[in-house]
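Commentary on secondary and tertiary structure
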Number of protein chains: 2
Amino acid sequence: MKIIHLGIGKVGKTLVDQILKNKEVIRRTLGIYLIYSGLFNSKGGIFSDSGIDIRDVTKFPGNAVIVDYDKVISFLDENYIIVDTTASSETYGFLDLALKKSCYVAVSNKKPLCGNFNHFKRLVQKSERRFFYETTVGAGLPVIRTLMDLILTGDKIVQIQGCFSGTLGYIFSEIERGIAFSEAVKKAYELGYTEPDPRDDLSGLDVARKALILVRTMGRKTHLDEIKLTSLYPKQMEKLSVNDFFESLKNLDPVFQKRTVSAGKKGKTLRYVVTMDSESCRVGIEEVEKSSNLGSLKGPDNLIVFKTERYLANPLIIKGPGAGIGVTAAGVFADILEAAKLM
Amino acid sequence: MKIIHLGIGKVGKTLVDQILKNKEVIRRTLGIYLIYSGLFNSKGGIFSDSGIDIRDVTKFPGNAVIVDYDKVISFLDENYIIVDTTASSETYGFLDLALKKSCYVAVSNKKPLCGNFNHFKRLVQKSERRFFYETTVGAGLPVIRTLMDLILTGDKIVQIQGCFSGTLGYIFSEIERGIAFSEAVKKAYELGYTEPDPRDDLSGLDVARKALILVRTMGRKTHLDEIKLTSLYPKQMEKLSVNDFFESLKNLDPVFQKRTVSAGKKGKTLRYVVTMDSESCRVGIEEVEKSSNLGSLKGPDNLIVFKTERYLANPLIIKGPGAGIGVTAAGVFADILEAAKLM
């Protein structure tokens, strides 16, 4: 299997490292030969049909000769897998073209799945056996595949609930401990848990994208703006500088405190939750029983609860870190191996 | 894909039902054609290379003409999957032969994997991509596959802990509520949670088999008698009649009560747990923190905690019903589809 890899950020670099370290074991145990044929970032990349030099892979871009996608296209066939670990919405065209040329595709990039519904359909539904996107929800946790297995074996989804943001998980754990909302956000920021602009997390948009991918995987023709998304801050705080944003966060503290106390009186606690059933999908703060699976979640762990016809009284639950460089890269790696087995 | 199915017990019948109900959807969405070619119990079976009559499948054995395995062997090739939902240790020979003839195999039957280590090796390791056994541990929960993905992507297992018996989970939940051990066993028996002879559960042997399958999947050449197994009753109770066994269970109540109280004083609770690390594997009662994942487990749910190099501070956890007719059948069905995708 020949790999062309787009995106050499933190996850990308770690994936390169994991593949190079384990390719011999893979060859011995599974009989799968992994050949690194291309490595691209937004500026272009290096490519060789027969495999690129290992030193060029680990040092890219280094002083390698840079080529663009067009140079690669004529080589693509069913022996190739395209791996997308970027966070770009620009890769869709290349991925679609690669599938048309019978390539396999594995992505940790959510964007190509969250735009135009027909794009999702072309990538996932029309090529179900060649497109892999397990890491787009919950990183290395087996979420998408579990959902697909439930559906394909004829189970009916009654409800899916989940916490899909480690950052927001951390913040709500702090709030539960009695820390003010603004303080919790600041602490998460200082620990490097949030994006440089914490609004990227607090808007809930990233969680909504994950919800959308689950909803679409369930077969529903939903668009991002149809997900009922409640942000953690009011719209008027969108245009502030990051510093001013932090300052005005304090105004929200009483609101969060009141909601926390009110929930506590009912034996409940607040979580930032995705909830979807057969009709609707919403993303926002929910009051959940403290003793429930979601309520007993601590810190940055992700959790997903599948309530189905078969898993009704006792749902199927998956829990663990849903972000992080090593586990995300490993999840993409597992997808690559999955594809390789199909070749 | 042509299916030959061994074992028409409760799980087997439900699997037949699930496949017949969903084969049209599978054909539409995955392009996979499922053909039911054979159905066998210990007395023999019905078979037709081109597919057997749907009425014969649902009514087997009915008044169909019964054939034996030998009649089938010459037909076997890479288009066949052999499905083993029996609980027999006698099927190994047929499964091994089928793999040699390039068939695929999916089993919920633990026995062929728990005897001779070379049998395990031949079934699983020498034909890794054609042998599926997800349901042997945790039924429909994605346990084996998650373990394989971790190992193949280069993660290192630090510790695996799990509760793999719904029956014993129920009993220990009752004990935690203050119910006497003998009462809890009796209640489980009356609810149909235990085998007809409850010693089949209380011996821990079924849990030890699951532990063995995990240990062997991790690549270790272990035999069943090398697992440190602690039964819930002393050896001298083995030969009693079921009624006498129930009677003498009461003698154990003070022991369990003492252990429960002693654990409680340390903020702990008792669970029947599999614990394995890089060197050892034990199955027996453990004191676990009440607030831990294992400690907060309630009732008949199974739970597995993967602590690995990548999932260390926050382990990867899977929880849910690890037994039951519908979820076990669906797990085998998912394995069949997995195999079908490889064809």
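In the nomenclature of an unreviewed UniProt entry, chain A corresponds to Homoserine dehydrogenase. Per its UniProt entry, chain A bears the Cofactor (unreviewed entry) comment "a metal cation".

1. Looking at the pairing of strand S12 (residues 316–321) of chain A
Among the six residues of S12 of chain A, six are classified as buried, and the element is accordingly described as predominantly covered. Inspection of the sheet shows strand S11 (residues 301–308) of chain A paired to S12 of chain A by six bridges, in the antiparallel sense. Bridge pairing links Leu303 of chain A to Lys319 of chain A in S12 of chain A. The sheet contact formed by S12 of chain A and strand S12 (residues 316–321) of chain B spans three bridges and is antiparallel. Bridge assignment links Ile318 of chain A to a residue of S12 of chain B, and that residue is Ile318 of chain B.

2. Examining helix H1 (residues 10–30) of chain A
The largest bend in H1 of chain A amounts to roughly 50 degrees and is located at Asn22 of chain A. Buried residues of H1 of chain A: Val11, Gly12, Leu15, Val16, Gln18, Ile19, Asn22, Ile26 and Leu30 of chain A, and no others. Among the structural elements, strand S1 (2–6), strand S2 (35–41), helix H2 (54–59), strand S4 (80–84) and helix H14 (325–342) of chain A together with helix H7 (144–152) of chain B are those in contact with the buried residues of H1 of chain A. Just downstream of H1 of chain A, Gly31 of chain A is the residue with a positive phi angle, here 70 degrees.

3. Regarding the domain arrangement of chain A
Often, the extent of an interface is quoted as the loss of accessible area on bringing the components together. All names here are of chain A. Entries for chain A in the domain assignment read domain 1 (2–140 + 326–342) and domain 2 (157–321). On a C-alpha basis, the centres of domain 1 and domain 2 stand 30 Å from each other. Across the boundary between the two partners, domain 1 contributes 14 residues, which contact 17 residues of domain 2. Interface area, domain 1 with domain 2, both sides summed: about 1300 Å², of which 69% is carbon and sulfur. The largest contributions to the domain 1 side of the interface with domain 2 come from Cys114, Phe117 and Val137, which together make up 45% of the buried area. Here Lys110 ties to Asp206 by a salt bridge, and the two come within 3.3 Å at their closest N and O atoms. Put simply, domain 1 and domain 2 have four residue pairs in polar contact (both at pLDDT 80 or more) between them. Elements represented by at least two residues in the side of domain 1 that touches domain 2 include exactly helix H5 (111–114) and helix H6 (117–125).

4. Concerning the packing of aromatic side chains
Residues and elements named next belong to chain A. Within the structure shown, the criterion is met by 26 aromatic pairs over all chains. A ring pair is formed by Phe47 and Phe75, whose centres lie 5.2 Å apart and whose planes are at 55 degrees; its orientation type is tilted. Of this pair, Phe47 sits in strand S3 (residues 44–47) while Phe75 is found in the loop between helix H3 (70–73) and S4, placing the two residues 28 residues apart along the sequence. Where Tyr233 meets Phe245, the ring centres are 5.3 Å apart and the plane angle is 80 degrees; that geometry is what we call edge-to-face. Of this pair, Tyr233 sits in the loop between strand S8 (228–229) and helix H12 (242–249) while Phe245 sits in helix H12, placing them 12 residues apart in sequence. Members of the aromatic cluster, joined through ring pairs, are Phe117, Phe120, Phe131 and Tyr133. Lying over the aromatic face of Phe245, Arg199 brings its terminal NZ or CZ to 4.6 Å of the ring centre.

5. Some thoughts on the nonpolar core
Among the nonpolar cores identified, the biggest contains 155 residues, and Ile82, Tyr133 and Ile171 of chain A together with Ile82, Tyr133, Ile171 and Leu214 of chain B are the most heavily contacted of them. Leaving out residues up to four positions away in the same chain, Ile82 of chain B has contacts with Ile4, Leu6, Leu76, Phe94, Leu95, Ala98, Cys103, Tyr104, Val105 and Ala106 of chain B. Membership of the second largest hydrophobic core comes to 64 residues, among which are Ala339 of chain A together with Val11, Leu34 and Tyr36 of chain B.

6. Re the relation of the copies chain A and chain B
In the superposition of chain A on chain B (RMSD 0.0 Å, axial shift 0.0 Å), the rotation amounts to 180 degrees. As the rotation angle and translation indicate, the two copies are arranged about a two-fold axis. Of all interface residues in chain A, 100% are interface residues in chain B too; the two copies therefore contact each other through one and the same surface.

7. Details of the side chain of Thr146 of chain A
Considering the arrangement of structural elements, one finds Thr146 of chain A in helix H7 (residues 144–152). With relative accessibility at 7%, the residue Thr146 of chain A sits in the buried group. A polar contact of 2.6 Å, which involves the side chain of Thr146 of chain A, links it to the backbone oxygen of Pro142 of chain A. Beyond its immediate stretch of four places on either side in the chain, Thr146 of chain A contacts Phe306, Leu316 and Ile318 of chain A together with Pro142 of chain B.

8. Observations concerning the sheet that holds strand S5 (residues 104–107) of chain B
Residues and elements named next belong to chain B. Read from one edge of the open sheet, six strands run S3-S2-S1-S4-S5-S6, paired in mixed fashion. Two strands bound the open sheet, and with one partner strand each, they are strand S3 (44–47) and strand S6 (131–132). Pairing analysis gives five bridges linking strand S1 (residues 2–6) to strand S2 (residues 35–41), with the strands arranged parallel. Its bridge partner lying in S2, Lys2 is registered against Ile35.

9. As for the interface of chain A and chain B
At the interface, 42 residues of chain A touch 42 residues of chain B. Taken together, both faces of the contact between chain A and chain B bury some 3500 Å²; the carbon and sulfur share is 56%. Joining chain A to chain B, the criterion identifies two salt bridges. Ionic pairing is found between Arg145 of chain B and Glu338 of chain A, a salt bridge with its closest N-O pair at 3.2 Å. Scanning the region where chain A abuts chain B turns up 14 residue pairs in polar contact (both at pLDDT 80 or more). Going through the elements one at a time, H1, H7, S12 and H14 of chain A are the ones with two or more residues in the side of chain A that touches chain B. For the side of chain A that touches chain B, the element with the highest residue contribution is H14 of chain A, accounting for 10 residues. Broken down by class, the residue content of the side of chain A that touches chain B amounts to 21 nonpolar, 12 polar and nine charged.

10. Considering the pattern of salt bridges
Taken as a whole and judged by the stated rule, the model has 36 salt bridges over all chains. A salt bridge links Glu286 of chain A to Arg282 of chain A, with the shortest nitrogen-to-oxygen separation between them at 2.7 Å. Residue classification places Arg282 of chain A among the partly exposed residues on the basis of a relative accessible area of 34%. It is possible to trace a salt-bridge network through shared partners that takes in Arg145 and Asp149 of chain A together with Glu338 and Lys341 of chain B.

11. Brief notes about the sheet that holds S1 of chain A
Residue and element names in this part refer to chain A. Taken in spatial order, the six strands make up an open sheet running S3-S2-S1-S4-S5-S6, and their pairing is mixed. Since the sheet does not close on itself, it has two edges, and those belong to S3 and strand S6 (131–132), each with one partner. The sheet strands contacting H1 are S1, S2 and S4, and the helix crosses S1 at an angle near 160 degrees.

12. Side note on the packing of helix H4 (residues 92–100) of chain A against H6 of chain A
All names here are of chain A. The contact between H4 and H6 brings their axes to 10 Å, and the two run at 35 degrees. Judged by the sense of rotation from one axis to the other, the crossing of H4 with H6 is left-handed. Contacts between H4 and H6 involve Tyr92, Leu95, Asp96, Leu99 and Lys100 from the first element and His119, Arg122 and Leu123 from the second. Partitioning the contact of H4 with H6 into residue classes produces four nonpolar, one polar and three charged.

13. Remarks on the UniProt feature "binding site: NADP(+)" (unreviewed entry) in chain A
Residues and elements named next belong to chain A. Those residues carrying the UniProt feature "binding site: NADP(+)" (unreviewed entry) are Gly7, Ile8, Gly9, Lys10, Val11 and Gly12 in this numbering. Summarising the element assignment, Val11 is placed in helix H1. In this structure Val11 touches Thr85, Ile325, Thr328 and Ala329, once residues within four positions along its chain are discounted. Tracing the backbone through its elements, the reader meets Gly12 in helix H1. Taking relative accessible area as the criterion, Gly12 reaches 1% and is therefore assigned buried. Each residue touching Gly12, except ones within four places of it in the same chain, is listed here: His5, Gly7 and Thr85.

Calculation rules
Residues numbered from 1 in each chain as written. Chains lettered and ligands numbered in written order. Predicted model: local features only at pLDDT ≥ 70, side-chain atom pairs only at ≥ 80, totals over all residues. Heavy atoms only, no water. UniProt positions renumbered as here; feature names shortened; annotations may be inferred. Buried < 20%, exposed > 50% of the residue type's maximum accessible area, 1.4 Å probe, protein only. Helix = DSSP H or I, 4+ residues; strand = E, 2+ residues; numbered from the N terminus. Pairing = 2+ DSSP bridges. Bend = angle between axes of the 7 residues up to and from the residue. Contact = heavy atoms within 4.5 Å. Domains from an automatic or database assignment. Buried area = accessible area lost by both parts, 1.4 Å probe. Salt bridge = Lys/Arg side-chain N within 4 Å of Asp/Glu carboxyl O. Polar contact = N/O pair within 3.5 Å; in protein donor to acceptor, adjacent residues only side chain to side chain. Phe/Tyr/Trp six-rings, centres within 6.5 Å; stacked < 30°, edge-to-face > 60°. Lys NZ or Arg CZ within 6 Å of the ring centre and 35° of its normal. Core = buried A, V, L, I, M, F, W, Y, C linked by side-chain atoms within 4.5 Å. Least-squares fit on C-alpha atoms with pLDDT ≥ 70 in both. Nonpolar A, V, L, I, M, F, W, Y, C, P; charged D, E, K, R; others polar. Axes fitted to C-alpha atoms, helices over the stretch in contact; angles between N-to-C directions. Left-handed = near helix turned anticlockwise from the far one by under 90°.

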